[in-house]
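Residue strings, one per chain:
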Amino acid sequence: MLLRGHALITKDDRFDRSPQVPTTRSTTFEFNKKEKPMGLLDGKVAIVTGAGRGIGRDEALLLASEGAKLVINDVGASLQGEGGDKSPAQDVADIIIANGGEAVVNGDDISTWNGGKNVIEQAVDTFGSMDILVNNAGILRDKMSFNMNESDWDDVIRVHLKGHFAPAQHAAVYWRNKAKSGEEVTGRIINTSSEAGLYGNAGQANYSTAKGGIVSLTWVLARELERYGVTVNAIAPRARTRMTENLFGEMAKSDEGFDEWDPKNVANLIGFLASDNAADVTGQIFVVFGGNVWAMGGFVPVGELHRDHAWTPSELADAKGDLFKGVSSGIPKFSFF
Ligand SMILES: NC(=O)c1ccc[n+]([C@@H]2O[C@H](COP(=O)([O-])OP(=O)(O)OC[C@H]3O[C@@H](n4cnc5c(N)ncnc54)[C@H](O)[C@@H]3O)[C@@H](O)[C@H]2O)c1
């Protein structure tokens, strides 16, 4: 029996994962066949930014396997954000089309205002609507703060932060207009943060700052767009891609058993968040890798002082032990496990 969605992605290697060669295997990815089961995203139109490689690639393939029509955005940059190779994005679109789905390529730099506008317009012009925006594109220029130069800072902040807001802003205009004209909206924005953004990683002042900003942006957009039928969430993934393969030895692909560092595992969460099943999930941040999904709480107090008038600096010094009762006053630990 043909399985769809979660089972298809996690249990079967049905997508051709080689970067260049699209698959036309008849046994795979039969989501457009008449006898197909319903997909979670049938009839929806999705955009994934940075979908030519890594996590975005698997997110796009997953969304397509669930029935969505895809705009595959990717500027084709190197890890550091240089160059413009359009072939990875085309490859992903080719795989989807070869397996009976619908996909188009968008090569805009998503960190420009016009790039954000173009990708939304292309989705609507091509497929007649736009329902799901997965903000994923990213670059890396890791350096300690004392070694970082201006362009390292500007480029990473731009690609991640503006690269999230530019398409989200134009999507927000589109959905708001749609809602105001009386049409039903089931909009989804899924942003990509990082544990580096949640906890602040040494050597990543630019990247961690951008990823932390994406968490705040997620909360802002969730509050602003709820009334128009749009949910906004963010993921902090871990997966083996070119961004991480040299960082973590344990990410080497295992020959047998469950491959917990496979980006496909992350893609499954995107499939759920994009679906109607997640209509009541918004403003949430998830850490996800392997078979693990954590819904992260926002900031909560770990200590407090209260009285009906202000504390002087000296009094605060005296009360320090009460403020940090039972918790460290040093740098909070990185991550939660
Ligand atoms: N891999 C991990 O473990 C991990 C961990 C935390 C966060 N992330 C985040 O996940 C996202 C995907 O990362 P990845 O590991 O798949 O990296 P990747 O380098 O494999 O893929 C990133 C893609 O984004 C594209 N891109 C870069 N700049 C772009 C721009 N201006 N416009 C359009 N496309 C652009 C690149 O061409 C590339 O195809 C990033 O936002 C990254 O920060 C990844």
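What counts and what doesn't
Residues numbered from 1 in each chain as written. Predicted model: local features only at pLDDT ≥ 70, side-chain atom pairs only at ≥ 80, totals over all residues. Core = buried A, V, L, I, M, F, W, Y, C linked by C-beta atoms within 7 Å. Buried ≥ 20, exposed ≤ 12 C-beta atoms within 10 Å, placed from the backbone. Helix = DSSP H or I, 4+ residues; strand = E, 2+ residues; numbered from the N terminus. Pairing = 2+ DSSP bridges. Right-handed = clockwise from strand over helix to strand, strands pointing away. Expected span 1.5 Å × (residues − 1). Bend = angle between axes of the 7 residues up to and from the residue. Axes fitted to C-alpha atoms, helices over the stretch in contact; angles between N-to-C directions. Parallel < 35°, antiparallel > 145°, perpendicular 65-115°, else oblique. Left-handed = near helix turned anticlockwise from the far one by under 90°. Contact = placed C-beta atoms within 7 Å. Nonpolar A, V, L, I, M, F, W, Y, C, P; charged D, E, K, R; others polar. Near = placed C-beta within 6 Å.

Across soluble globular proteins, you tend to see nonpolar side chains buried next to one another. Within the largest apolar cluster, 76 residues are counted, with the highest numbers of intra-cluster contacts made by Ala-46, Ile-47, Leu-63, Leu-70 and Ile-72. Sorting elements by how many residues they give to this core places helix α5 (residues 150-180) first, with nine residues.

Further remarks concern the pairing of strand β2 (residues 69-73). Of all five residues making up β2, five are buried, and the element is well covered by its neighbours. Covered by surrounding structure in β2 are Lys-69, Val-71 and Asn-73 together with Leu-70 and Ile-72, the residues of both alternating faces. Sheet topology places strand β1 (residues 45-48) next to β2; four bridges connect them, and they run parallel. Directly across from Val-48, in β2, lies its bridge partner Ile-72. Once you follow β1 into helix α2 (residues 54-65) and on to β2, the crossover reads as right-handed. In this sheet, strand β3 (residues 103-106) lies alongside β2 in parallel orientation, the contact comprising four bridges. Bridge pairing in β3 links Ile-72 to Val-105.

Along its 31 residues, α5 runs 42 Å from first to last C-alpha, staying within 8% of the 45 Å computed at 1.5 Å per residue. By the largest-angle criterion, Lys-162 marks the main kink of α5, which is about 35°.

On to the packing of α2 against helix α8 (residues 263-274). Closest axis-to-axis distance for the α2/α8 pair is 8 Å, and the angle between their directions is 50°. The orientation of α2 relative to α8 falls into the category oblique. Both α2 and α8 take part in a crossing whose hand is right-handed. On the side of α2, the interface is formed by Gly-54, Ile-55, Asp-58, Glu-59, Leu-62 and Leu-63, while α8 contributes Pro-263, Lys-264, Val-266, Ala-267, Asn-268, Ile-270, Gly-271 and Ala-274. Tallied by class, residues from the contact of α2 with α8 come to eight nonpolar, three polar and three charged.

Quick look at the site of the ligand now. The ligand sits among 33 residues. The nearest are Gly-50, Gly-54, Gly-138, Thr-241 and Met-243. Those elements that place two or more of their residues in the shell around the ligand are α2 and α5. Per-element accounting of the shell around the ligand gives the leading share, three residues, to α2. Within the shell around the ligand, the residues separate by chemical class into 12 nonpolar, 16 polar and five charged.

Moving on, we get to the environment of Asn-106. Take Asn-106: it is sitting in strand β3. Along the chain, Asn-106 and Gly-50 lie 56 residues apart, while their C-alpha atoms are 9.8 Å from each other. Leave out the neighbours within four places in its chain, and Asn-106 touches Val-71, Ile-72, Asn-73, Asn-118, Val-119 and Gln-122.

Further remarks concern the sheet that holds strand β4 (residues 132-134). Read from one edge of the open sheet, eight strands run β3-β2-β1-β4-β5-β6-β7-β8, paired in mixed fashion. At either margin of the open sheet sits one strand with a lone partner, and together these are β3 and β8 (292-296). Taken over all neighbouring pairs, the strand axes of this sheet differ in orientation by 20° on average, direction set aside. Bridge analysis of β1 against β4 gives three bridges, and the strand direction is parallel. Residue pairing across strands places Val-48 opposite Val-134, the latter belonging to β4.

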